[in-house]
Each structure stands twice: as structure tokens, then as C-alpha cells.
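Secondary and tertiary structure notes
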Amino acid sequence: MQQRSFKRAHVLKRWLAGGVAALLLGTTAAASGLGIAPVEAAPNAALQLVKKVDEQDAHRNLVPGQSVTYRIEFSAENYDVDGSGANGAVTLTDMLPAAFAGWEISDVFATLPGSAGDVAVTLPGVTPGTAGTIGATEAERTISVDITAPTDDGLTGLPTGQQGWLSYTVTVPENLSPNWDSNGLDLVNTATITGLGGATNGEISKTDTAVISVDVKRTVDVTPAKTWDPSSQGFEPGARSKVTIGATQASNVDAASLVLQDLPSATNGATELGTDNPFRYVDFAGFIGDPAAEANWPAGATGATIEVYAFANGEWNWVTYAATIDNADIAGVRLSYTGAIVPGATVSQAFTVSQRDEDRLGLNKDLSKGYDTDNKVDATVTVAGEPPVTKTAKAEFAVTPMTIAVEAGKAFLNAKGEPVDPLRTVAGNQVHALLTAQNQAAPRSATLGSLTIKDPGVGSDAKYFSSDLQFAGFDAAYTAQVWPAGATGGTITWHHAGGTETVSLTAGAALPVVPAPLTNADITGFEITFTGAIVPGGTSQVKYAIDTTPSLAPDGGTAGPFKNVVDVEGARPGLDPVTDNDSAELTVVSPAIEVKVEKKLSPSVVLPGDSVIVQLPTTATASGDRTKPTEIVVTDEFTGEGTFWDAYDATAVLAPIDVPTGSTLLIERFDSAQNKWVPVDTLTTSQMTDIALAPAETTTGVRFTYTNNAGFGQSTSVKPNLKFKARDTLRVSGETTTPNNTAPFTPTKYKNTVVADTTGKLENRPVKGTDTADIEGAIRNPEWATGPGVGGGLWAAKSWADDHLVTQSGTTSSTTQRWAVTKTGFDQVKLTDPATPTATGAGTVFDAFNLTGVDAITFGQDPQLKWDTVTGVELWNGAAWVAPANVPAGGNWMNANGFTGYTLTAAERDTRLGVRLLLAPNDTARAAAIVAGDLERHVQLRHRWYSCARSRVRG
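What comes next is a walk through the structure. Each residue is numbered by its place in its chain's sequence as written, counting from 1. For this predicted model, a pLDDT threshold of at least 70 governs which residues receive local features, and a threshold of 80 or more governs which side-chain atom pairs are given and counted, while totals over whole chains, interfaces and linings are taken from all residues. The basis for every side-chain value is the complete set of heavy atoms in the structure, and neither hydrogens nor water enter the calculation.

1. Some words on the overall build of the chain
The secondary structure listing takes helices from DSSP runs of H or I that are at least 4 residues long and strands from runs of E that are at least 2 residues long, numbered from the N terminus. Helix and strand content of the chain: six helices and 64 strands. With 955 residues in all, the chain has 47% of them scored as buried. The contact criterion used is simple: two residues touch if any of their non-hydrogen atoms lie within 4.5 Å. Sequence separation of 24 or more characterises 77% of the internal contacts of the chain that already satisfy a separation of 6 or more. Areas reported as accessible are Shrake-Rupley estimates using a 1.4 Å probe. Residue values count occlusion only from the protein chains shown. Counting only carbon and sulfur atoms, one obtains 51% of the accessible surface of the chain, whose full area is about 43,700 Å². Throughout this description, buried means an accessible area under 20% of the type-specific maximum (1.4 Å probe, protein chains only), exposed means over 50%, and partly exposed covers the range between.

Below, the structure written as C-alpha cells:
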């Protein structure tokens, strides 16, 4: 027991109480003349505990599955109660009855309002606030609540003036047995709260109880089960189906017996079956599995009896099943199990039945017209001391009138093996056809005696099969798909001009080739007949090839569509044959070669005397498996006054000059003086050196002829490149190529057209294709290039983003510096702003503005930046050009996107009076870049208005 000194807080409480009493007593004493009475001792500290279940002292007669909620309220009276444990806690324990073991408990919760964090609830194996299972041992059934709220003496425990509670819910299990030991008994649950208090500061406690009882009544029940699969069949004597009977022992106590009887109405001594017995229409065909095997008994069974309703000596009786009993003499099944069959035990037994061709009773004269029946099973459960309980389950079964039906399918397949309708193919190609014949699934169709496929069927185009659309043999890889299930043999009948020829087929073997002396060219059709017992759903797929003649479609034209029909027939003795058909269409087009030429020019705007590069990428693609390009011709030539060749001279064929493997490239130029094409060079391999074109004045066309007599690939690309020089004057009129000689010096455009022609062959048939492409080049007047050193190939201009600004400190704007290099040969370009920097900024924009930054330039904004590298950014400090404070790592002002740009620091904005960009040519990129664009380039600077002119401040 914890020892402690008298609590000061309690003294204070007693003093206050005594003080009030003294005043009252003093008044009384004065009135009576008795004097001051002594202070009385305060009542001892006490614990209060109230336990309820569903707000009652007791909740009896619960049933399995029902839940109850316990609530235990606790408080300290008169004085704080200190904790008596090592952890300084007042402890509430609630030991659940042993009968609760295995029950579900949920929503375990304890609290002391105002001190929520000072209450801890535990139950082994259960997390508070969640659901769990009550354990079996005392420790596992004990809910503990530790209360450690601060008390007035500086210790912990349960202070006065606060009422806490513990609550939880328990659920009675659904599966409690009437034999449960605690059935109907009071289950007392006691809660105890313990702490330190009273005059001796000793251990004090309080207890309270709540009572529940559970009344588990005996129930006797059974749940039967019955299925018939399939539930419907077409009339077909001998066709089998499966009947499954079963039951669940649904009592809450062990059963002494469980009996399944199919059919319930079957009684001993009957001379004929009842009209409700489905075995009048079907014959028993055997159990599925051994019903006598212990593994098939319900749990708890110790014995089993298997009986059948059998006909013998003119009577129907229930007898023990034996394999010697003829299935045709069985018309019912009874399964009996004994022992202590536990609640929830299940049993299931299946057997097969087969359709009869006549009604045993003779009442339904023609079963082929169809009928409906159902099958019932009784499940009976017996519990000692209780009356048996029997319940019935039923499964329906229908037989539809006997019918047969077939389904036909026809498709042409593309190169990927996918069905396409209509299929388009190039004349000369081989295509594949896929035929499908199916005996439709039950109950739409019964078993067939034969299934026949005929191609071409009625309504087919006469060109099937002929020299234009010729039979080309069956695909042996489809052998597994050819034979429908149940087929045991068959024949194929070949049709030809001289008549027919029939060949026997071996089941599972590939379809044969055309018999000698016939050839594929002789075949005008075929019929394949499968024989046997072809089951409902049995399917045959036949794949064969058709050769199309190269001349079937006219040049540049289309033949067809040609309709191809397949006829399918199904037959069964005693019924009329049934047929179906399907069709697909084939369209044949003449072989073709598609040629696609592009034209790329860079730069798109130049000055007279400048060079441009023209690329002529060309691709020839053949359609038709056997069509191949043999010649590709790319021509770029003079097309009239005012066009590209009027303003430009061709100077060279640029490397790399690619020649496809196995091909020859003939390069020619058109000489206007000779008025003919003149050979320049003939190549059989690619080369990396340029070929000059001269004389430029009389060269008015260039032609590239790629030849491969064996044929290029199905798709072949070539990429000839030309170099041109912008002329000063037009070739025809002699006038200037740059008539726009005043600002803004708009470039003059000249259109160029390139022509690509291809020639190919399909066997000995020529195939052609052509394409053209246009592009414009432009020449700008030289007066535009008036930058440093007139005629020196440099140009610069500058503009403000704003026409005027309000003169307030902090106002921002920007300037754009435009520039161009109009001739080659420069090793470096310096872009300087201002052109002539001063020591104070006087006379420049920097006298009134701070430079805040140089904008980044992406390749998307300026594609020709790929030709250059910004090697440096410098700032003018009034006396010299110096590097910025924050130079990129490695001094690299370029990244994957372009120029990085620069933002000045605060110190630099106040002291830097100019900016200079240094650029060098990127020769690697320049050589590889073919990017359309203008020569004009730009840089954008950002400025902020200065508070006053720098020159005045510093002057």
C-alpha cells in the first residue's frame, strides 16, 4: 500500500469547509452565548461504480446472434482518490464470464471527460475501438482501465467532480448449441474499481454487477438442393445430362439421420411409375463417383445406405443399389446417412441420365415434339426426441423438338491473318480464304450424321475458280481446325471441266492436294463432307489460297468486287437437311507504286551571293507483294520566268550522296545552251565528297536517276542534296533579283518545284508513280545589310517594346536587338549595347535605366541559333568589360534548349552600364542543320527605370 503524508489540498478543502462552518457556528454561538465550536472532520474519500447492461441491471433470454452493450460509470466522492498501483493509477477491472470465451467484443472504450489522455483501456488480443474475439483465460477476459488524472496533492488517480465510464458491446455467437453448458444460466459480470483514500489513506474499492442469460432453443431443419444440367436439350435419344441432389443439415444440434429421396412420391409395390416421375422420359445412366465412399458422406455420418427405385417381377421397389441392376430398370435414388451428423454438414451426389426415345407410360406419344418435366428431391433430417423435418427441392428440365441447324462463315484474310470484308488486294497477289461450317449448339441443333462445305456456292462470281481467281491449295497448318468434333471420316469431291472426282478423307489428316493428273488450274470448285456423329457445336474451319492474275485489274484501275459464297449443309437421318451460306467480297486493284517527295530549303531568306541548301528526300513504296520499284527519278529544273531557277544558280551536288545497295545513280544537268540533259557523274556506291555543277549560267536543271533492275525494296528512300547561290539578276530578264530596295526591304520570293517519278514492275507489267513538291526561297535587298562596315556582311537594328513610359521609379520595359550575318567567313560576332559605352552611362539608355537581365533564347524561338554558340556574356562597369557575377558552371552559356540567358544581381543592376554577347559559329551543327528560316536574329534585354539620370548623380 502506498504511504503518503496528509494531503495539503485536502487540508485546504477542510479549512474552507471548516471556515464556513466556523462562521455559521460563530453566529449561532454568539447568539446563544456558547462560544466557537470546534471544526468537524470531513467525510472520507469514496469511490462510486454503477454497471448496467443495455441500461438495465440484467438482460435475460437473449438469443444467438443478439448483441448487448455494457456501460460502467465511475467517480470519486468527497476527496480525490489516488492511484494504488506502481503506475499511480486508479484501476477499474471488469472480468468477463468464462462463458464469453470466443464471443465477439467490439467498441471497447473508456474516458474521463476533461482528462481524456489520462485513461488507458486494455483487453489482451483486442485493440480498443475495434472488434475482436474474447479469449479463454482470465487474463484474456479481463478489461483493465488505468486512470492517471492529476490529483490535488500532485499525484495521479481519480479526481473528484469528474465522472468517467467504460463501455463495450458483446455479441452472442450464431452457432451456439442447445447443449451449451451455460444455456439459460445467469452470466454475472462483475466490475471493480480500486484506489487509495479514506482517513487512513488505505485501499478502497467499489464493485457492481450486471447479468445476462442466453436461451438457445433446439431447432431441427434441413436445406435440400437439386440441379439438372443442362436444364434444356434438343430431342436426341441417348443425349446425357447430369442431375445433382444434396442437402445441408441446418439443425443446431447433431442429427441422427439425413435422407435424400429422388423421387419423393416413389413407393414400394407400384406396378408402374407415377406420372410425376421424370424417369418416364429418361434412363438412369450411373452415379458420378461412389456414393458409398466415406469421403462423400456428410460430416459426422458413420454409415450410409445407397438405394435405387428398381423394377423387378412386375413391381417398383426401393432396393440396395448394385452394379448388376440394369440402368434401364432404375427410376429413383435414395441416400440415407446415419450417425451424429453435425450442424452445417453438407452432402452432394450427382448421377447422369440419358434421353429416352419413348415415354415409359406411353402417355406422351411423340417425345420428338418436346416436353417439360421436373425432378424433386426430399431431404429429411431426424434429431433424437424431435419430429423429423422434410423439405423438397425441385429442378426443371425441358426437351425441345428435335431440330438441326448449321451456320456458315466465309472471310478473306489480310496479310496479318485478320478477316477483312471486302478485302482489297493487288492484282498478282495470293490471298487466303477461310471457310467455317458449324453444327449449331444444343438445343438449336442435335447431332448430325454429315456436314458438307461447298465452295464456290450458289451466287458466287463466275471467276471463282478460273485463271483469274485460281484455287491454290489448302493450308495444311489448319488441319487441327478442319475436323469437327464427332467426325470419323469424310470425302472431298473435286469439280473440274471434265466432271467430278471424289477422294476419301482420313479423320484428323490434312486435306489432300488435287489428285493427278489434275492441277489447281483445272479446279472449278470442291465439296468437303464430314461423316460420323458430329456433335452440337462441332465446327470445321478450312483455309485455302487463291492466286490472282496480274492482268485481272486494268492499269490504274480496279476489278470487282468479286462475291464468293460458301454453302454449308447438315443432315441427320429422319430429318430434312438444313443449309446456310455466307459470302465475302474480294476487290483487285492494279499494282501501284506510291512516290512521295519533299523539298527542304535553308536558309529560306538570303542576300544576293549567299548560298542555300536544298534537300529532296524521296520515298517510293510499292503496293502488291510482288511489285518492286526499279527506277526512281528526282528532277529539279527551271519551270519558267520568275521561278526559283530564274533567281538561283545550282553550284554543287552536296555530300553525303547516298546510293542504295545494288543500285546505280546517274546525275545529269540540263544545259540550256545545248538544250539537253548532260551526264555529270555515275555512282554505284555512296560517297562523302561534293560534285560541282558547271557552268552555272547554263545549268537550269538537275536530275537524279536511281536504277536497280532487280528491284528496290518494297519501300525505298533516297535523299539528294543541292547547293544553290542567289543571283544578283534574273536569268531571263536580267532585272535585279531584289527589287524591294526601300525599308522594310521585304524579301522577294521565288517558287521552286521538284518532281519525283518511279517505275517498277509486277512480273513483266510496268508500274508507275509520280509526285511533286513546292517550296519558296527569298532574296533580300543588300541595302538591308547596312550595319558596321557597309557591305561587310553585318546588319543590326534595335527597337523598344514601349513607345513611351511614365517616369516613375521601377517602371520596366525591354529592347530587342536584331542582327544578322549576311556573309560567311566570320570567326566571332560581338553584339554590344550600347554601341559606344561611356564611363557614367551618359548618352546611352543606361543613363536612365538599369539593365535587369538578358532573356534566354530557345531553339524554338530562334531555330538558327543551332548554328551558333554563345561563348560569353560581358558587362560594362564604366571602365572595362567584365564577366558577370554568376557565370554558369564551366562557362557554358548554352544548354539543350538554347541560350540560358542571364539575370543581373542587385549590385550589377546599379553599376553595370552595358552588355555584350560573344558568339562563335557551331560548325558541326551548321553543317548538319537544314532548318528553314530568315537570316535575321534577335536578343531581348530587360530594363527598369532608374530614379534619376546617373550622369547627374555621379557628376
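2. Focus on the sheet that holds strand β57 (residues 857-858)
The pairing of strands in a sheet comes from backbone hydrogen bonds and takes either a parallel or an antiparallel form. When DSSP finds two or more bridges between two strands, those strands count as paired. Pairing is antiparallel across the open sheet formed by three strands, whose spatial order is β57-β61-β60. Whereas interior strands pair on both sides, the edge strands pair on one side only; in this sheet they are β57 and β60 (894-895). Here two bridges tie β57 to strand β61 (residues 898-899), and the two strands are oriented antiparallel to one another. The residue bridging I857 from the neighbouring strand is F899, located in β61.

3. Quick look at the environment of A136
Tracing the chain through its elements places A136 in the loop between β8 (132-133) and β9 (142-147). A residue is classified by how much of its surface remains accessible, and A136, at 55% relative accessible area, is exposed. Every residue in contact with A136, bar those within four places of it in the chain, is listed here: A101 and R141.

4. Points about the pairing of strand β18 (residues 255-262)
Burial runs high along β18: six of the eight residues are buried. Bridging between β18 and strand β22 (residues 330-341) involves seven bridges; their strand directions are antiparallel. Opposite L258, over in β22, you have Y337 as the bridge partner. In this structure, β18 lies alongside strand β24 (residues 371-382), joined through five bridges in antiparallel fashion. Counterpart to Q261 in the pairing with β24 is D378.

5. A look at the pairing of strand β13 (residues 187-197)
Most of β13 is tucked away, with eight of its eleven residues classed as buried. Here strand β5 (residues 90-95) runs beside β13; their pairing, made up of five bridges, is antiparallel. Looking across to β13, one finds that T91 is bridged to T194. Judged from the eleven bridges that link them, β13 and strand β14 (residues 202-214) form a sheet pairing that is antiparallel. Bridging across to β14, T194 finds its partner in S205.

6. A few points about the nonpolar core
Grouping buried Ala, Val, Leu, Ile, Met, Phe, Trp, Tyr and Cys residues that are joined through side-chain atoms within 4.5 Å yields what is termed a nonpolar core. Judged by nonpolar contacts, the single largest core of 95 residues is most densely connected at F351, F471, F474, F526, I528 and Y544. No other element matches the six residues that β22 contributes to this core. In contact with F526, not counting residues within four places along its chain, are L435, I453, K454, D455, F465, F471, F474, T493, W494, H495 and Y544. Within the second largest apolar cluster, 46 residues are counted, among which are A99, I143, L158 and V216.

7. Some thoughts on the pattern of salt bridges
When a carboxyl oxygen of Asp or Glu lies within 4 Å of a side-chain nitrogen of Lys or Arg, that pair is called a salt bridge. All told, the structure shown has 25 salt bridges when counted by the stated rule. D262 is the salt-bridge partner of K226, the closest N and O atoms lying 3.3 Å from each other. Of this pair, K226 sits in strand β15 (residues 222-229) while D262 sits in strand β18; the two residues are 36 residues apart in sequence, bridging distant segments of the chain. When sorted by exposure, K226 lands in the same class as D262, which is buried. R280 serves as the salt-bridge partner of D359, at 2.6 Å between the closest nitrogen and oxygen. Placement of the pair is D359 in the loop between β23 (346-355) and β24 and R280 in the loop between β18 and β19 (282-288), with a sequence separation of 79 residues. In the salt-bridge network here, residues are joined through shared partners; they are D649, E697, R727 and R731.

8. A short note on the side chain of T738
Among the structural elements, T738 can be located in the loop between β50 (721-726) and β51 (748-762). What T738 contacts, discounting residues up to four positions off in sequence, is P608, T748, I779, R780, N781 and P782.

9. Some words on the side chain of R731
In this structure, R731 sits in the loop between β50 and β51. Think of a polar contact as two N or O atoms within 3.5 Å of one another; within protein, one of them needs to be a possible hydrogen donor and the other a possible acceptor, and neighboring residues in sequence only count if both atoms come from side chains. Within the structure, R731 has its side chain in polar contact with the side chain of D649 (distance 2.6 Å). At a separation of 2.6 Å, a polar atom in the side chain of R731 contacts the main-chain carbonyl oxygen of E697. Ignoring any residue separated from it by four or fewer positions in sequence, one finds R731 in contact with W645, D646, Y648, D649, A696, E697, T698, T699 and T700.

10. Regarding the sheet that holds strand β58 (residues 868-876)
The strand order across the open sheet formed by four strands is β55-β63-β58-β59, and the pairing between neighbours is antiparallel. Lying at the two open borders of the sheet, with one neighbouring strand each, are β55 (829-833) and β59 (881-882). Direction of pairing for β58 relative to strand β63 (residues 915-921): antiparallel, over a ladder of seven bridges. Bridged to L875 within β63 is V915.

11. A look at unusual backbone geometry
Here the bond from D455 into P456 is cis, since omega is 0°, no more than 30 degrees from zero. Note on placement: P456 falls in the loop between β30 (448-455) and β31 (469-474). Going from A516 to P517, the amide bond is cis rather than trans, its omega being 5°. Locating P517 in the fold gives a position in the loop between β33 (499-506) and β34 (523-534). Phi at D107 takes a positive value of approximately 55°, unusual for a residue other than glycine. Mapped onto the elements, D107 comes out in strand β6 (residues 104-111). One non-glycine residue, N313, lies in positive phi territory at about 55°. With respect to the helices and strands, the residue N313 is situated in the loop between β20 (301-312) and β21 (315-320).

12. Some details on the packing of aromatic side chains
What counts as a ring pair is set by centres within 6.5 Å for rings of Phe, Tyr and Trp (its six-membered ring), and what kind of pair is set by the plane angle: stacked under 30 degrees, edge-to-face over 60, tilted for all other angles. Under the definition given, this model contains 32 aromatic pairs. Pairing F474 with F526 gives two aromatic rings, centres 5.2 Å apart and planes at 75°, and the pair type is edge-to-face. Taken together, the positions of F474 in strand β31 and F526 in strand β34 put the pair 52 residues apart, joining distant regions of the chain. Residue F474 is classed as buried on the basis of its relative accessible area, which comes to 17%. Look at F526 and you get buried, because its relative accessible area is 0%. Plain terms: the ring middles of W893 and F899 are 6.4 Å apart, the flat faces sit at 40° to each other, and that makes the pair tilted. A residue is classified by how much of its surface remains accessible, and F899, at 3% relative accessible area, is buried. One cation-aromatic arrangement involves R71 over W165; the distance from NZ or CZ to the ring centre is 4.3 Å. Sitting over a ring, as applied to charges here, requires NZ of Lys or CZ of Arg to be within 6 Å of the ring centre and within 35 degrees of the ring normal. Lying over the aromatic face of F644, K599 brings its terminal NZ or CZ to 5.8 Å of the ring centre.

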